Amino acid sequence: MSAAVDMSRFVRSEKVEALPPPNLARGPIAWVRENLFSGPFNTILTLAVLYLLYVIIPPIVDFLFINAVWTGSDRDACRAETAGHPVGACWAFVIDKINYFVYGSYPGAERWRVDGFFILLAVGVAWLLWLRAPRRDLGAVYFFWLFPVLSYILLTGGNMDLGGRFWLGFLAVGLLFVAVMGLAAYLLKASIRSAVIIGAVILAVIGLTLGLVDIDWGLDHVPTSLWGGILVTLLVATVGIVFSLPFGVLLALGRRSRLPIVRMGSVIFIEFVRGVPLITVLIMANTMLPLFLPGDMTVDRLARPLIGVAFFASAYMAEVVRGGLQAMPKGQYEGAMSLGLNYPQMMIFIILPQALRIVIPGIVNTFIGLFKDTSLVAIVGIFDLIKTIEASRIDPEWAAPTISYTGYAFAALFYFIFCWGMSRYSLGVERRLAAGQNR
Amino acid sequence: MGEYTDMKKALVTIAFGLTASLFATAASAQATLNSVKQKGFLTCGSNTGLAGFGVPDAQGNWTGLDVEFCRAIAAAIFDDPTKVRFIPLAAKDRFTALQSGEVDVLSRNSTATMSRETQLGLDFPAVNYFDGQGFMVRKKLGVSSAKELNGASICTQQGTTTELNLADYFRANNMKYEVVAFATSDETFKAYDSGRCDAFTTDASGLYAERLRASAPDDHIVLPEIISKEPLAPAVRHGDNQWGDIVKFTHMAMLNAEELGVTKANVEQMKTADNPEIKRLLGTEGKFGEAVGLTNDWAVRIIKHVGNYGESFERNIGEGSRLKIKRGQNALWTKGGLQYGIPVR
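Source: prediction; values computed, not measured.

Criteria and cut-off values
Residues numbered from 1 in each chain as written. Chains lettered and ligands numbered in written order. Predicted model: local features only at pLDDT ≥ 70, side-chain atom pairs only at ≥ 80, totals over all residues. Helix = DSSP H or I, 4+ residues; strand = E, 2+ residues; numbered from the N terminus. Rg over C-alpha atoms; globule rule 2.2 N^0.38 Å. Buried ≥ 20, exposed ≤ 12 C-beta atoms within 10 Å, placed from the backbone. Contact = placed C-beta atoms within 7 Å. Pairing = 2+ DSSP bridges. Domains from an automatic or database assignment. Nonpolar A, V, L, I, M, F, W, Y, C, P; charged D, E, K, R; others polar. pLDDT = per-residue confidence, 0-100. Axes fitted to C-alpha atoms, helices over the stretch in contact; angles between N-to-C directions. Parallel < 35°, antiparallel > 145°, perpendicular 65-115°, else oblique. Left-handed = near helix turned anticlockwise from the far one by under 90°. Core = buried A, V, L, I, M, F, W, Y, C linked by C-beta atoms within 7 Å.

## Focus: the overall build of chain B
Link 1 in the chain: Broken down by element type, chain B carries 14 helices and 13 strands.
Link 2 in the chain: The globule rule puts the C-alpha radius of gyration for 345 residues at 20 Å, and the 21 Å found for chain B is close to it.
Link 3 in the chain: Dimensions of chain B, computed from the C-alpha atoms along their principal axes, are close to 60 × 50 × 40 Å.
Link 4 in the chain: Counting every position in chain B, which comprises 345 residues, the buried fraction comes to 51%.
Link 5 in the chain: Here the contacts in chain B between residues at least 6 apart in sequence split such that 73% fall between residues at least 24 apart.

Structural data, given as structure tokens:
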């Protein structure tokens, strides 16, 4: 008997009282009792919320569906005194104006081109987002290169008519560029051959892009002043999203770089762009910029806010991505280096996949914010969806008390569907990527 | 227009005054007519949406009185009213866009004022709509003149010139009133429509547009008094007088055509009329069009494609439209209005 150990100090002397059996009561009533009426406080809260819903929901349903007017050709259909019953939402107005809401003033005979853009966009999004889609690497090439080029040709008509002199100049500058690449490789004692090949590929891609938009495809030119509606809303959002992710990643890496000029450049860009509101950027672009340019030089009125939005989104994206990079433990970097990976390999194969996964909620949050911010372009006279609704709701043809509400309800529905879709998709992606560390 | 606060106006004026003096000369030095002909289309700064003056229809084509004025200029130059590119401009962008040469003409219900002519370097060659602040009341109030509004509560938009004009008018007439002000024009009208106040005030053209949106439009009347001057005019840059003349006489041609009974329908027959005034207007006598760099049938082109002023007025804001605005001050001078066509001779 090892008397040195006093068993009674850590061994129970009597049996523990049995726990009550797990609550096996199932069914809606048990659920309601447990979740909604588990105590007096929760009961009061539940009743208060139910009362609020009772106050809010019926009028909304009444307005949007029961009293809504679905058919009609002018204001008489949506006025209580001519329709003979209380009138809620006037969906007939939205139906009558839907072409304007979707295409803006895009010429009627050319609207198939906008449809083409929508289809190209849908294909690109589906290709990239559907996880089991074939050849998603090609999908990325499509979405980030082919799709913008094709969209540009479709929407504007292409046929930039650059002229022979431009091509001569382009060739000269291009060859110079390749030569400089080779020289730099020689000075840095890197492989000259691969440097020249990289240079030539960049040159070829730029040349091909310019060549495609230079060709006369037989499409009429449609000036951007005629674009509008959902076309512009999706265009601004797409440009922002397509540009912000790659540029944001580059800026975030730049900000953490050890090279002082790269770091300073990134910091200045990010802090400057984040330091001003988007509205200021837009007003600068559309009101002040023309004053600083020589009289005969203009930048397209739609291109200006597009560039502004792309810059703006990139700066925000950079900070989101930097958050992810910051969260990576140092061991990951050291592990990658100890495997002999160089900087690009380390980033592409080890760091970024993990860092980006961490910040998916942040990225999607930025996208959703950006998608809704697109409506700000309206204040500089660009006709996005909101602006087309604003311009239509004052149409005397449809002057009725509920027209404005109907228009805004339609806009709300449109934005909600897109933003909700984005957030659901990101939830799915998070769940899939985080399978190994469910919390 | 009563849409901005004085503060904003001052800021805008300062910003534009500084920049305009630097850039206006550069932009307008080249003859606008030549550059328009070279481009092959007119760029027209238009409203982003104002009932009767510039609104998109269901197909996205712009219609309205101001829009048709630009079409008339295009018709005079190109004999084709579709050769216009409309650039919808927000109120704060409009003058810069003109200064910077982004638009050739601004036809966007802008009030002509002295400071805009002198400090912003603009010209307002002709007034195409005389507007002014008016009142709307319920019929059952039994009021037929603004002078009877003593003690009334009046819905108006906050921080606008409308509010200031209102104060001036009631003080000048020694009447009491109560202001119920709201941030947006929508809220303002909604409040009036739901009975928060006895009267609603804004620019007269806006009163007619708002009345259509009322829950019972026929229960409201617009009182005859106009208490402020808002001469709405197309604008061009200082310094290119030929272009200013073209814009001015586009309007004058439309007025003269109405006065002489030349319409869209009868313009071809009128070419053979004996009346020397019609002959000069339609270019069968004299070379008045060539003198401003156009063809001699410039007025025929305008009337053929757009019509005379009366036709354009009736179609867009008058009896032929939903707005049903009376001609009032915009009647011809022969009918007691202010629209006076300078003779072509």
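Still to come is the rest of the account.
## Quick word on the overall build of chain A
Link 1 in the chain: Counting secondary structure elements, chain A contains 17 helices and zero strands.
Link 2 in the chain: On C-alpha atoms alone, chain A measures out to a radius of gyration of 30 Å, which is more than a quarter above the 22 Å that the 2.2 N^0.38 rule sets for 439 residues.
Link 3 in the chain: Each of the three principal axes of chain A carries a C-alpha extent, and together these read 100 × 85 × 40 Å.
Link 4 in the chain: Taken over 439 residues, chain A has a buried fraction of 30%.
Link 5 in the chain: Here the analysis covers contacts within chain A between residues at least 6 apart in sequence; of these, 68% occur between residues at least 24 apart.

## Considering the pairing of strand S8 (residues 133-138) of chain B
Look at any regular strand and the pattern is simple: side chains alternate between the two faces of the sheet.
All names here are of chain B.
Link 1 in the chain: Among the six residues of S8, five are classified as buried, and the element is accordingly described as predominantly covered.
Link 2 in the chain: In this structure, S8 lies alongside strand S12 (residues 220-222), joined through three bridges in antiparallel fashion. Its bridge partner being in S12, Arg138 is matched across the sheet by His220.

## Quick notes on the domain arrangement of chain A
Link 1 in the chain: Entries for chain A in the domain assignment read domain 1 (28-65), domain 2 (67-106 + 386-439) and domain 3 (237-382).
Link 2 in the chain: With centres defined by C-alpha atoms, the gap from domain 1 of chain A to domain 3 of chain A works out at 43 Å.

## Let's talk about the environment of Gly229(A)
Link 1 in the chain: You can see Gly229(A) is positioned in the loop between helix H8 (192-214) and helix H9 (230-255).
Link 2 in the chain: Between the C-alpha atom of Gly229(A) and that of Arg165(A), which follows or precedes it by 64 residues, the distance is 38 Å.

## Remarks on the domain arrangement of chain B
Note on interface size: it is often stated as the accessible area lost on association of the parts.
All names here are of chain B.
Link 1 in the chain: Segmenting chain B into domains produces domain 1 (6-130 + 230-335) and domain 2 (133-222).
Link 2 in the chain: Between the C-alpha centres of domain 1 and domain 2 the distance comes to 31 Å.
Link 3 in the chain: Taken residue by residue, the interface counts eight residues in domain 1 and five residues in domain 2.

## Quick notes on unusual backbone geometry
Link 1 in the chain: Phi at Arg135(A) takes a positive value of approximately 50°, unusual for a residue other than glycine.
Link 2 in the chain: Structurally, the position occupied by Arg135(A) is in the loop between helix H5 (111-129) and helix H6 (136-156).
Link 3 in the chain: Although it is not a glycine, Lys324(B) sits at a positive phi angle of roughly 55°.
Link 4 in the chain: Structurally, Lys324(B) is set in the segment after helix H14 (309-316).
Link 5 in the chain: Among the residues examined, Lys324(B) registers 16 C-beta atoms within 10 Å and is labelled partly exposed.

## Considering the interface of chain B and chain A
Link 1 in the chain: In this complex, chain B contributes 36 residues to the contact, which on the side of chain A involves 37 residues.
Link 2 in the chain: Of all the secondary structure elements, the ones that give two or more residues to the side of chain B that touches chain A are helix H1 (6-28), strand S2 (55-56), strand S4 (84-88), helix H4 (94-99) and helix H8 (204-213) of chain B.
Link 3 in the chain: Split by residue class, the side of chain B that touches chain A holds 17 nonpolar, 12 polar and seven charged.

## Structural notes on the confidence of the model for chain B
All names here are of chain B.
Link 1 in the chain: Residues with a pLDDT of 70 or more make up 91% of chain B, whose mean pLDDT is 87.
Link 2 in the chain: At the low end of the mean pLDDT range in chain B sits H1, at 46; at the high end sits helix H3 (residues 65-78), at 96.
Link 3 in the chain: Within the model, pLDDT remains below 50 along residues 1-7, and this stretch shows 16 contacts once partners closer than five positions in the same chain are excluded.

## Side note on the environment of Pro290(A)
Link 1 in the chain: Along the chain, Pro290(A) falls in helix H11 (residues 278-292).
Link 2 in the chain: By C-beta crowding, Pro290(A) is classed as buried, having 24 other C-beta atoms within 10 Å.
Link 3 in the chain: In this structure the C-alpha to C-alpha distance between Pro290(A) and Trp130(A), which are 160 residues apart in sequence, comes to 43 Å.
Link 4 in the chain: In this structure Pro290(A) touches Thr298(A), Thr96(B), Ala97(B), Ser100(B) and Glu102(B), once residues within four positions along its chain are discounted.

## Things to note about the sheet that holds strand S9 (residues 152-157) of chain B
Residues and elements named next belong to chain B.
Link 1 in the chain: Sheet architecture is open: five strands sit in the order S10-S9-S11-S8-S12, paired in mixed fashion. With partners counted over all chains shown, the strands left at the sheet margins are strand S10 (177-182) and S12, one partner each. Each strand of the sheet is rotated relative to its neighbour by a mean of 30°, with strand direction disregarded.
Link 2 in the chain: Here S9 pairs with strand S11 (residues 199-203) via two bridges, running parallel. Bridged to Cys155 within S11 is Phe200.
Link 3 in the chain: On top of the sheet, helix H6 (residues 161-172) reaches S8, S9, S10 and S11; it is set at about 155° to S9, its chief contact.

## Side note on the pairing of strand S13 (residues 230-237) of chain B
Residues and elements named next belong to chain B.
Link 1 in the chain: Within S13, seven of the eight residues are buried, which leaves it mostly tucked inside the rest of the structure.
Link 2 in the chain: One ladder, built from three bridges, connects strand S5 (residues 105-111) with S13; its direction is antiparallel. For Thr111, the partnering residue across the bridge sits in S13 and is Leu232.
Link 3 in the chain: Across two bridges, the pairing between strand S6 (residues 122-123) and S13 is antiparallel. Considered in S13, the bridge of Leu122 is made with Arg237.
Link 4 in the chain: By the bridge criterion, three bridges tie strand S7 (residues 129-131) to S13 in an arrangement that is antiparallel. Across the sheet, Tyr129 pairs through a bridge with Leu232, a residue of S13.

## Remarks on the packing of H9(A) against helix H10 (residues 260-274) of chain A
Residue and element names in this part refer to chain A.
Link 1 in the chain: One way to put it is that H9 packs onto H10 with a least axis distance of 7 Å and a crossing angle of 125°. With respect to their mutual orientation, H9 and H10 come out oblique. Both H9 and H10 take part in a crossing whose hand is left-handed. Listed contacts from H10 to Leu251, Gly254 and Arg255 of H9 are Val262, Arg263, Gly265, Ser266, Val267, Phe269 and Ile270.

## Topic: the nonpolar core
Link 1 in the chain: Membership of the largest hydrophobic core comes to 103 residues, with the highest contact counts inside it found for Cys90(A), Cys70(B), Ile73(B), Ala76(B), Ala299(B) and Ile302(B).
Link 2 in the chain: Element by element, the count of residues in this core is highest for H3(B), at 10 residues.
Link 3 in the chain: Ignoring anything within four residues of it in the chain, the contact list for Ile302(B) reads Ala72(B), Ala75(B), Ala76(B), Thr250(B), Ala253(B) and Met254(B).
Link 4 in the chain: Counting residues in hydrophobic clusters, the runner-up holds 60 residues, among them Leu245(A), Leu306(A), Val309(A) and Ala315(A).

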